[in-house]
Amino acid sequence: MGSPLKIALGADHGGFELKQQLLEHVRSLGHEVKDCGTHGKEPVDYPRFAHAVASLVASGACDFGIMVDGAGIGSAMAANKVPGVLAAACYNEDLARNSREHNDANVLTLGAGHVDPETAKRIVSTFLSTACTVERHKARVRMIRELEKEALGARRPEADQLAPADIERITDRVKQLLTGPSGSAPLPPVIPPEQLAKLIDHTMLRPDATSADIQKLCDEARQYGLFSVCVNPSYVAEAKALLRSTRVKVCAVVGFPLGAQPPETKALETRRAIREGAQEIDMVINIGALKGGDEALVRKDIRGVVEICMDSRAVCKVILETALLTDEEKVRGCELAMKAGADFVKTSTGFSKAGATVEDVTLMSRTVAPRKLGVKAAGGIRTYGDVVRMIQAGATRVGSSSSVKIMEEALALRARKE
């Protein structure tokens, strides 16, 4: 392993000091380090940082991960929950060597309370310089991987959302329908209404929205089987109560609509929204910071919300407000959302000078494809045709306040085809 590696490095408050020493040590070995935090001694939760380290390894963004907590055991457990990760807690060089030679471990966890800094450095050096090369060991590692695949395959996807393969199939079908056979006139596109419904966030974000409006929104979402309702934070608890015992999710906007709040404020909004029942969060980035080139602030802004969502198994969508950005800024916004661990990027709030465009959705979809983030098109989507064009461009979710009209058009089109 002579060539430089990319190493994800993380720690909780108990492992912070050792992490800082290992940071310099790993760099001295010629490797690139991605510091996942924590960045101080304030109490934090180790699963959050272990997950961040493991996710970078599983995604291929980093070759190996190193995570430090008090004992190293809990972080190994947390990291091993990420598919593709083989984490090992090691307390001496022999264990580190064995974990690589025999088990092909890709994440090393250390206990700051059980190893001194010099020992930890030797363990790290051994871990990073050892490879799994013997075929009998590699065969057993493959068996471990197969067990993981079997376990993942046994898990049923949630009944209330489409699997990625279903979304891809719908998108491909729409493209076929729009194009038609070679040399023929375009065919009228048809997406089964029950599948279309699972792509729509039914939205009510008007500042003058009343409880009666939220009641109507939830009734419509329930009637048509829409994926979620998207509401302002003050209506989350009410929407959750109205949708109890249904499969319709509640989505809340954060930092809406300008995105100019401090990261701490957005984090507080997110915690409260999730506590009151939100299962998805659509956050607006700090648009001025992105345009001004302050990428550290933009990433901190997004990451603060992402971490809270991860803790609660909520989905985080990042609103870029594309109408205010150049193409280069749109790409950079997508890249920062990916690095921060978001689940989706989203075009617009619907409150700026323009909403979603086919060109923007295409650009965003292409940019986030390596990390397989979703793309939500929102703003100005009022017809069935609008939805089809956005899906064809790469959208995997659509936000609209005209969902009822869209669904009625889809149902009418299917009726004409039957």
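All values derive from a computational prediction rather than experimental measurement.

Calculation criteria
Residues numbered from 1 in each chain as written. Predicted model: local features only at pLDDT ≥ 70, side-chain atom pairs only at ≥ 80, totals over all residues. Heavy atoms only, no water. Phe/Tyr/Trp six-rings, centres within 6.5 Å; stacked < 30°, edge-to-face > 60°. Helix = DSSP H or I, 4+ residues; strand = E, 2+ residues; numbered from the N terminus. Lys NZ or Arg CZ within 6 Å of the ring centre and 35° of its normal. Salt bridge = Lys/Arg side-chain N within 4 Å of Asp/Glu carboxyl O. Buried < 20%, exposed > 50% of the residue type's maximum accessible area, 1.4 Å probe, protein only. Expected span 1.5 Å × (residues − 1). Contact = heavy atoms within 4.5 Å. Polar contact = N/O pair within 3.5 Å; in protein donor to acceptor, adjacent residues only side chain to side chain. Pairing = 2+ DSSP bridges. Axes fitted to C-alpha atoms, helices over the stretch in contact; angles between N-to-C directions. pLDDT = per-residue confidence, 0-100. Right-handed = clockwise from strand over helix to strand, strands pointing away. Arc of directions from axis to C-beta. Parallel < 35°, antiparallel > 145°, perpendicular 65-115°, else oblique. Left-handed = near helix turned anticlockwise from the far one by under 90°. Nonpolar A, V, L, I, M, F, W, Y, C, P; charged D, E, K, R; others polar.

1. Brief notes about the packing of aromatic side chains
Summed over the entire model, instances satisfying the criterion amount to two aromatic pairs. Geometrically, the ring pair formed by Phe 256 and Phe 351 is edge-to-face, given 5.3 Å between the ring centres and 85° between the ring planes. Separated by 95 residues along the polypeptide, Phe 256 in the loop between strand E8 (249-254) and helix H11 (263-275) and Phe 351 in the loop between strand E11 (344-346) and helix H15 (358-368) bring together distant segments of the chain. The ring of Phe 344 has Lys 317 lying over it, and the distance from NZ or CZ to the ring centre is 6.0 Å.

2. Details of the pattern of salt bridges
Taken as a whole and assessed by the stated rule, the structure comprises 34 salt bridges. The shortest N-O distance in the salt bridge between Glu 409 and Lys 405 comes to 2.6 Å. One end of the pair is Glu 409 and the other is Lys 405, both in helix H17 (residues 403-417) and four residues apart, which spans about a single turn. Classification of Lys 405 as partly exposed rests on a relative accessible area of 40%.

3. Here's the deal with helix H5 (residues 117-129)
For H5, which comprises 13 residues, the first-to-last C-alpha distance of 18 Å matches the rise-based estimate of 18 Å (1.5 Å per residue) to within 8%. Turning to H5, its buried residues are Thr 119, Ala 120, Ile 123, Val 124, Thr 126, Phe 127 and Leu 128. Here the buried face of H5 lies against strand E1 (6-11), helix H1 (16-28), strand E3 (64-69), helix H4 (93-101) and strand E5 (107-111). Among the residues of H5, the N-terminal cap falls to Asp 116, whose side-chain oxygen and the backbone nitrogen of Glu 118 are separated by 3.1 Å.

4. A word on the environment of Ala 87
Inspection of the secondary structure puts Ala 87 in strand E4 (residues 87-89). Taking the relative accessible area as the measure of exposure, Ala 87 reaches 16% and is therefore buried. With 22 residues separating them along the chain, Ala 87 and Thr 109 place their C-alpha atoms 7.0 Å apart. Residues in contact with Ala 87, not counting those within four places in the same chain, are Ala 76, Ala 79, Asn 80, Asn 106 and Val 107.

5. Observations concerning the sheet that holds E4
Strand order in the open sheet formed by five strands is E2-E1-E3-E5-E4, with parallel pairing between adjacent strands. Edge strands, defined here as strands with exactly one partner in the open sheet, are strand E2 (32-35) and E4. This sheet shows a mean twist of 20° between the axes of neighbouring strands, independent of strand direction. Here E4 runs beside E5; their pairing, made up of three bridges, is parallel.

6. Describing the confidence of the model for the protein chain
For the protein chain, the average pLDDT comes to 90, and 90% of its residues sit at 70 or higher. Counted against residues more than four places away or in other chains, residues 155-160, with its pLDDT under 50, gives six contacts. In this model, residues 180-188 is a region of pLDDT below 50 whose contacts with residues beyond four sequence positions or in other chains number nine contacts.

7. Some thoughts on the pairing of strand E10 (residues 315-319)
Extensive coverage of E10 is indicated by the burial of four of its five residues. Inspection of the sheet shows strand E9 (residues 280-284) paired to E10 by five bridges, in the parallel sense. When the bridges of E10 are listed, Glu 280 appears paired with Val 315. For the segment spanning E10, helix H14 (residues 327-340) and E11, crossover handedness is right-handed.

8. Digging into unusual backbone geometry
In this structure, the amide linkage connecting Gly 37 to the following residue, Thr 38, adopts the cis form with an omega of 5°. Relative to the assigned elements, Thr 38 resides in the loop between E2 and helix H2 (46-59). The linkage connecting Phe 256 with the following residue, Pro 257, adopts the cis geometry, with an omega of 0°. Tracing the chain through its elements places Pro 257 in the loop between E8 and H11. Notably, Arg 313 is not glycine yet its phi reads approximately 60°, a positive angle. Mapping Arg 313 onto the fold places it in the loop between helix H13 (295-312) and E10. One non-glycine residue, Glu 321, lies in positive phi territory at about 60°. Structurally, the position occupied by Glu 321 is in the loop between E10 and H14. On the accessibility criterion, Glu 321 (2% relative accessible area) is buried.

9. Some thoughts on the sheet that holds E11
Strand pairing in a sheet relies on backbone hydrogen bonds. The paired strands run either parallel or antiparallel. With parallel pairing, eight strands are arranged side by side around a closed barrel as E6-E7-E8-E9-E10-E11-E12-E13. The mean angle between the axes of side-by-side strands here comes to 25°, regardless of whether they run parallel or antiparallel. Relative to the sheet, helix H9 (residues 211-224) contacts strand E6 (200-204) and strand E7 (228-231), its axis offset from that of E6 by approximately 165°.

10. Describing the side chain of His 137
Residue position: His 137 is located in helix H6 (residues 135-154). When neighbours within four sequence positions are excluded, His 137 is seen to be in contact with Glu 101, His 102 and Cys 132.

11. Details of H15
What sets the pattern is the α-helix's 3.6 residues per turn: residues three or four places apart point alike. Those residues of H15 that fall on the buried side of the exposure criterion are Asp 360, Val 361, Leu 363, Met 364, Thr 367 and Val 368. Down the axis of H15, the sector holding all buried residues measures 165°, keeping them to one side. Exposed residues lying more than 90 degrees from the buried face of H15 are Glu 359 and Arg 366. Buried residues in H15 make contact with H14, E11, strand E12 (374-378) and helix H16 (384-393).

12. Let's talk about the packing of H13 against H14
Orientation of H13 relative to H14, taken along the N-to-C sense of each, is 45°, at an axis distance of 9 Å. As the angle between them shows, H13 and H14 are arranged oblique. In this structure, H13 meets H14 at a crossing whose hand is right-handed. Across the interface between the two elements, Glu 295, Val 298, Arg 299, Ile 302, Arg 303 and Val 306 of H13 pack against Arg 332, Leu 336, Ala 337, Lys 339 and Ala 340 of H14. Across the contact of H13 with H14, the residue classes tally to six nonpolar, no polar and five charged.

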